[in-house]
2 protein chains.
Amino acid sequence: MLEKYIEAALHKTDCDVVLKNANIVNVFSGTITKGDVAIKDDRIVGVGENYKGTTEYDCTGKYVMPGLIDGHVHIESSMLTPEGFASLIVPHGTTTIVADPHEIVNVAGFDGLHYMIEAGKRVPLDIKMQLPSCVPATPFETSGAIINGEMTESEIKNVDVNGLGEFMNFPGVLGCDPDVIKKLEAAHNVNKVIDGHAPMINGDTLNGYICGGIVNDHECVTVEEMKEKIEKGMYVHLRVGSYTKSLELAKAVTPENSRRVIMCTDDRHAADIYYHGHLDNALRKVVEAGVDPITAVRMATLNCAECYHMRWRGGIAPFYYADLVVVDDLTNFNAELVFKDGKLAAKGGKAAFDVSDKYLPETILNSVHVREVTADDFKITLKGTKANVMTTESTGVMTGLEVMDIKSKDGDVDIKGTNVAKLIVVERHHMTGNIGKGLIKDYGFKGGAIGLSVGHDSHNITLIGDDNECLAKATNALREHGGGMVLVSKEENKTYIVPLDIAGLMSSTDPLTLVEESQKLIDKAYEMGVEKTKEPFFSMEFLSLAVIPHIRLVDKGLVDVIKWSFIPLDAE
Amino acid sequence: MLEKYIEAALHKTDCDVVLKNANIVNVFSGTITKGDVAIKDDRIVGVGENYKGTTEYDCTGKYVMPGLIDGHVHIESSMLTPEGFASLIVPHGTTTIVADPHEIVNVAGFDGLHYMIEAGKRVPLDIKMQLPSCVPATPFETSGAIINGEMTESEIKNVDVNGLGEFMNFPGVLGCDPDVIKKLEAAHNVNKVIDGHAPMINGDTLNGYICGGIVNDHECVTVEEMKEKIEKGMYVHLRVGSYTKSLELAKAVTPENSRRVIMCTDDRHAADIYYHGHLDNALRKVVEAGVDPITAVRMATLNCAECYHMRWRGGIAPFYYADLVVVDDLTNFNAELVFKDGKLAAKGGKAAFDVSDKYLPETILNSVHVREVTADDFKITLKGTKANVMTTESTGVMTGLEVMDIKSKDGDVDIKGTNVAKLIVVERHHMTGNIGKGLIKDYGFKGGAIGLSVGHDSHNITLIGDDNECLAKATNALREHGGGMVLVSKEENKTYIVPLDIAGLMSSTDPLTLVEESQKLIDKAYEMGVEKTKEPFFSMEFLSLAVIPHIRLVDKGLVDVIKWSFIPLDAE
């Protein structure tokens with residue numbers, strides 16, 4: 001096995017591919033060097049001057065970087081399959097991702113995990129798959145699956161499982177919940193990396209959290225938070241996602257600490273990737289924010305490889321895997337050529353691989369299990385005239401609680417002509433019939449119902465609407481299509497749907513179609529009044545995420561996250 | 001298991017040890033921070049301000065560094081057992097070493113390896129044991145053991161084996177020798193680190209060598225060599241040994257490349273450690289040479305931990321093992337307290353652990369197998385009057401070849417009154433009777449014989465002398481004592497010996513006795529004429545090392561290393 005590399009390095013045999021006359025971003029020395037990058041089969045065999053290749057690319061004036069590594073991403077947030085996701089991100093220079101399939105595992109359990117692993121093997125993208133650690137994320141809701149400590153102990157040994165996904169249940173860690181400890185020790189015992197999720201945790205509490213064997217954090221927002229976490233031995237992700245962009249952290253990157261900073265996208269929509277890019281976009285942003293370009297590339301390559309124990313990845317040197325990106329310069333980072341394991345994987349922004357042969361096992365299809373509903377199911381009966389209404393920020397995912405006067409009529413709230421709409425969560429995994437009911441202020445949408453089968457983290461159906469008939473139609477449409485994004489217009493008497501046939505989270509259609517079809521629905525939602533500052537659909541995904549303050553709605557009712565308990569919709 | 005750390009970090013239980021008010025060398029952020037380091041059992045649980053410990057140490061004005069890590073060392077070169085070695089180096093702040101037991105394995109095979117592993121487990125020093133890769137080092141000599149590819153395949157899986165030791169056989173790597181490839185792939189297949197040894201190898205040849213999966217190099221001498229190796233993805237050791245000090249490399253350490261530089265001692269005598277220190281000495285030297293002290297500490301801690309995939313070692317942070325050194329300042333690096341896995345291991349330069357209970361399995365004792373010899377065995381018969389005589393440098397380990405006129409008398413060379421002495425190598429493993437014979441110029445020793453059972457890398461008996469009777473006495477004394485350092489004075493009719501009872505390489509006596517006794521022999525050797533620029537005994541160890549130019553003597557005869565073949569002693 002080694003002979004072919006050694007012999008090619010020594011010019012005893014020809015190389016397969018040579019990138020000639022490139023400016024090479026050397027993440028080891030922190031310098032730009034000039035030369036040819038010689039590739040045999042899947043690995044780089046040398047950087048030199050006289051290598052001959054069966055295929056040669058003139059890279060004069062271009063830069064060659066190591067393939068980019070995304071340190072933390074939920075593929076499902078793109079609403080694309082692993083194959084579709086790869087076909088969008090690889091052309092932007094990302095060749096390795098650390099993926100946490102937290103969403104699909106909340107819906108489909110290990111079937112979801114195994115689907116992601118197998119689908120991921122079909123594309124030229126290295127997917128280091130983390131085992132989700134917190135399924136379900138909270139005790140308040142009905143998820144599709146429950147993964148306990150015992151199941152974690154068994155599955156973490158899977159050779160296709162890279163580590164344990166973000167440990168959001170920090171109260172469980174700090175309280176030494178036995179099932180939590182079992183999960184942490186399971187990963188620890190097989191020497192696999194445990195990802196953190198520690199927003200605003202600091203001081204001795206952070207010490208305790210890290211003592212769970214937790215290695216990194218992608219939730220830093222402030223410079224102080226990042227500095228403390230690095231001092232305490234954590235790797236810190238600088239995140240450039242669709243909602244969450246921690247670019248403030250760029251200010252805290254120094255030559256002394258940068259080796260502990262890695263890049264990630266966490267959640268990024270297909271359209272965002274398609275129009276704005278992936279880690280190339282992140283590199284542009286951090287360089288704009290003042291980070292030295294070579295340091296930025298290190299953050300998106302070598303540092304992440306080190307954090308996750310990826311050997312022979314993240315650098316351009318002999319014996320390293322030939323994951324390479326040829327870019328125009330270190331400002332725009334436009335990926336002209338992308339190589340994965342030595343093979344051309346993308347050129348001029350287009351994937352050079354085919355994803356039309358779809359892998360769609362039965363186990364992850366038809367995941368929406370609800371009975372057919374009627375308008376009456378969406379009546380909201382208040383005892384009094386005051387209700388606990390959810391408010392939302394114009395940007396970000398925090399919510400608030402406002403006590404409002406709400407009129408009722410015929411055993412239902414009467415919200416016509418107000419700035420309040422119904423917020424509904426319909427359980428969709430086990431046909432429990434649970435329908436969580438709430439009210440939301442200032443969402444803006446009028447004249448029907450809008451909803452989707454994606455709702456962090458249990459992924460029940462979340463709906464907003466002002467008409468019970470339309471809410472029922474929307475739910476029934478999602479039931480019929482096995483999930484999706486839906487919009488029902490009362491005036492047009494019409495249902496618009498973008499199916500998300502895989503676990504109700506992802507679409508098996510081609511990425512561009514998904515981008516275009518969902519854009520139509522988004523445009524329609526704005527037309528029907530959604531506030532311009534909000535992203536229709538995507539902002540709704542978080543209304544059920546009962547780990548972020550202040551109040552959330554799940555299938556079993558309204559949750560006050562700060563009190564860590566249910567609260568009634570009635571305010572008194 | 002994790003609960004105890006989490007609870008101590010959260011102040012729910014007391015800590016065991018707290019280092020109060022310290023200046024902490026933070027290798028993650030590259031800064032000095034102030035605080036208390038709190039320890040529970042074997043790990044640090046936090047750096048904070050209000051931790052209480054069963055035992056507390058006031059560290060006001062002191063610095064706390066992570067325990068130092070030696071990236072490449074042959075314990076045997078100290079002539080001490082692993083226990084004795086630990087008792088000398090731990091008080092200097094070294095808590096982890098990557099050890100290559102190349103010497104003892106050349107003598108005793110895997111018995112030697114297993115002895116080192118088991119002995120090492122008896123002391124508070126983390127010994128990451130590498131499996132020697134090149135036993136024997138050359139095809140010219142008779143070693144005690146041969147380790148082939150198949151044996152390597154099996155032994156590399158040993159959980160106590162950390163990786164594959166320095167791959168000195170670079171012609172074998174470059175030539176894709178099947179047995180060499182088998183060894184490399186064996187380590188590769190179990191994801192263990194392969195150490196390099198690549199003096200002066202550069203350019204595309206270096207590419208080929210690295211394609212053997214080789215990770216690091218401790219043989220860099222020049223700044224250019226180091227820069228190229230770092231650019232090519234290698235970790236580079238900055239070495240501060242007894243002979244080889246690559247302090248020139250300090251000039252090439254930059255903020256951009258320093259993360260790829262690690263420190264090592266390679267070969268260091270007991271006396272050197274006792275009088276001058278270990279990695280603390282190395283830190284003093286590199287800081288003197290201009291390296292920033294925090295960078296220097298990183299090179300001796302975190303960087304090495306990363307190179308060798310040591311998790312939770314090399315830094316001061318929650319969940320890291322409590323390997324800690326309290327020093328007076330970052331100039332002298334005087335170790336006042338040393339903690340290993342949370343326990344006090346040394347104080348004020350003295351080991352706090354006992355090594356008097358010696359582990360001495362039969363397998364590594366009585367390793368000198370030679371028949372009793374007589375004066376006649378040391379006659380050197382030349383055919384003519386010219387001989388290929390070995391010359392040596394005043395410092396360093398290179399040798400030269402000089403053709404000299406040599407007189408003969410009674411079937412033996414007549415060297416009386418000349419600057420030439422006999423150089424002898426007696427095979428001592430398999431009683432083959434092989435005696436390699438040569439001549440050496442300007443060693444200075446007169447009036448007897450000097451020799452030892454340490455001779456790189458096959459460790460046959462190396463002798464220098466001008467009297468056949470004394471050469472025989474010296475050999476027979478080593479035979480009787482199972483190895484050692486020996487000196488025979490004809491005038492005094494006396495034999496001086498320091499036994500090296502373990503594999504003929506190491507002494508089971510206590511370290512200080514060894515230091516003192518060998519110093520007496522060294523003084524005697526100088527008295528008998530050894531050039532002041534040479535180290536008696538230690539300089540002789542390398543006269544048989546047939547991998548370093550120009551000529552060497554092994555048990556089968558004289559070797560021209562450049563020609564890679566035997567040459568006769570007769571010059572024409």
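Structural data are supplied above this passage.
Draft legend 1. Expanded view of the pattern of salt bridges. Tallied over the full model, the rule gives 68 salt bridges over all chains. With its nearest N and O atoms 3.3 Å apart, the salt bridge here joins A:Asp341 to A:Lys340. B:Asp41 is the salt-bridge partner of B:Lys4, the closest N and O atoms lying 2.6 Å from each other. Within this pair, whereas B:Lys4 is found in helix 1 (residues 3–9), its partner B:Asp41 is found in the loop between strand 2 (31–40) and strand 3 (43–48), the two being separated by 37 residues in sequence. On the accessibility criterion, B:Lys4 (31% relative accessible area) is partly exposed. Look at B:Asp41 and you get partly exposed, because its relative accessible area is 28%. Look at the salt bridges and you will find they share partners, linking A:Asp126, A:Lys128, A:Arg313, A:Asp323, A:Lys340 and A:Asp341 into a network.

Draft legend 2. Molecular detail of the pairing of strand 29 (residues 557–560) of chain B. Residue and element names in this part refer to chain B. In this sheet, strand 29 lies alongside strand 28 (residues 551–554) in antiparallel orientation, the contact comprising four bridges. Bridging across to strand 29, Arg552 finds its partner in Val559. Linking two consecutive strands that pair antiparallel, namely strand 28 and strand 29, is a turn of two residues. Looking at chain direction, strand 29 and strand 30 (residues 565–567) are connected through three bridges and run antiparallel. From the neighbouring strand, Val559 faces strand 30, where its bridge partner is Phe566. In sequence, strand 29 turns back onto strand 30 through a hairpin of four residues, with Trp564 there showing a positive phi of about 55°.

Draft legend 3. Representation of the sheet that holds strand 28 of chain B within the structure. All names here are of chain B. The strand order across the open sheet formed by three strands is 28-29-30, and the pairing between neighbours is antiparallel. With one partner strand each, in any of the chains shown, strand 28 and strand 30 form the two edges of the open sheet. In this sheet, adjacent strand axes meet at a mean angle of 45° when their direction is disregarded.

Draft legend 4. Representation of the relation of the copies chain A and chain B within the structure. Between chain A and chain B, which share one sequence, the superposing operator has a rotation angle of 180° and an axial displacement of 0.0 Å; the RMSD is 0.1 Å. One copy is carried onto the other by what is essentially a two-fold rotation axis. Taking the C-alpha atom as reference, chain A places A:Pro255 closest to the rotation axis, 3.3 Å from it. Comparing contact sets, 100% of the residues at the interface of chain A also lie at the interface in chain B, consistent with an isologous, same-surface contact.

Draft legend 5. Molecular detail of the interface of chain A and chain B. With 65 residues of chain A at the contact, the number on the chain B side is 65 residues. Summed over the three residues of chain A that lose the most area to chain B, namely A:Cys211, A:Arg259 and A:Arg311, the buried surface amounts to 15% of that side. At the boundary of chain A and chain B, one finds four salt bridges. For A:Glu306, the salt bridge identified is with B:Arg260, shortest N-O distance 3.4 Å. Taken together, chain A and chain B are joined by 25 residue pairs in polar contact (both at pLDDT 80 or more). Sorting the residues of the side of chain A that touches chain B by element identifies helix 1 (3–9), strand 2 (31–40), strand 3 (43–48), helix 6 (170–174), helix 7 (178–189), helix 8 (203–210), helix 9 (223–231) and helix 13 (302–307) of chain A as the ones contributing at least two each. In terms of residue count, strand 3 of chain A provides more of the side of chain A that touches chain B than any other element does, six residues in total.

Draft legend 6. The arrangement of unusual backbone geometry in detail. For the bond running from A:Pro549 to A:His550, omega is 10°, close enough to zero to count as cis. Checked against the element boundaries, A:His550 lands in the loop between helix 15 (511–527) and strand 28 (551–554). In this model, B:Val135 is joined to B:Pro136 through a cis peptide bond whose omega is 0°. Unlike most non-glycine residues, A:Asn366 shows phi in positive territory, near 50°. Position of A:Asn366 relative to the elements: it lies in the loop between strand 17 (350–351) and strand 18 (386–392).

Draft legend 7. Looking closely at a nonpolar patch on the surface. All names here are of chain A. There is a patch of nonpolar side chains on the surface, built from Tyr274, Tyr275 and Leu512 and spanning about 290 Å² of accessible area. Of note, Tyr274 is situated in helix 10 (residues 270–276). The class of Tyr274 is partly exposed, set by a relative accessible area of 34%.

Draft legend 8. Structural context of the sheet that holds strand 7 (residues 94–99) of chain A. All names here are of chain A. Spatially, five strands are ordered 6-7-8-9-10 in an open sheet, and the strand pairing comes out parallel. The open sheet has two edge strands, strand 6 (68–73) and strand 10 (193–196), and neither has a second partner. With direction set aside, neighbouring strand axes in the sheet form an average angle of 25°. Pairing analysis gives four bridges linking strand 7 to strand 8 (residues 126–131), with the strands arranged parallel. From the neighbouring strand, Ile97 faces strand 8, where its bridge partner is Ile127. Set on the sheet, helix 11 (residues 279–288) makes contact with strand 6 and strand 7; between it and strand 6 the angle comes to about 95°.

Conventions adopted
Residues numbered from 1 in each chain as written. Chains lettered and ligands numbered in written order. Predicted model: local features only at pLDDT ≥ 70, side-chain atom pairs only at ≥ 80, totals over all residues. Heavy atoms only, no water. Salt bridge = Lys/Arg side-chain N within 4 Å of Asp/Glu carboxyl O. Helix = DSSP H or I, 4+ residues; strand = E, 2+ residues; numbered from the N terminus. Buried < 20%, exposed > 50% of the residue type's maximum accessible area, 1.4 Å probe, protein only. Pairing = 2+ DSSP bridges. Axes fitted to C-alpha atoms, helices over the stretch in contact; angles between N-to-C directions. Least-squares fit on C-alpha atoms with pLDDT ≥ 70 in both. Contact = heavy atoms within 4.5 Å. Buried area = accessible area lost by both parts, 1.4 Å probe. Polar contact = N/O pair within 3.5 Å; in protein donor to acceptor, adjacent residues only side chain to side chain. Patch = residues over 30% accessible without salt bridge, like charges linked within 9 Å, V, L, I, M, F, W, Y side chains within 5 Å. Areas by Shrake-Rupley, 256 points an atom, 1.4 Å probe, with all protein chains shown as cover.

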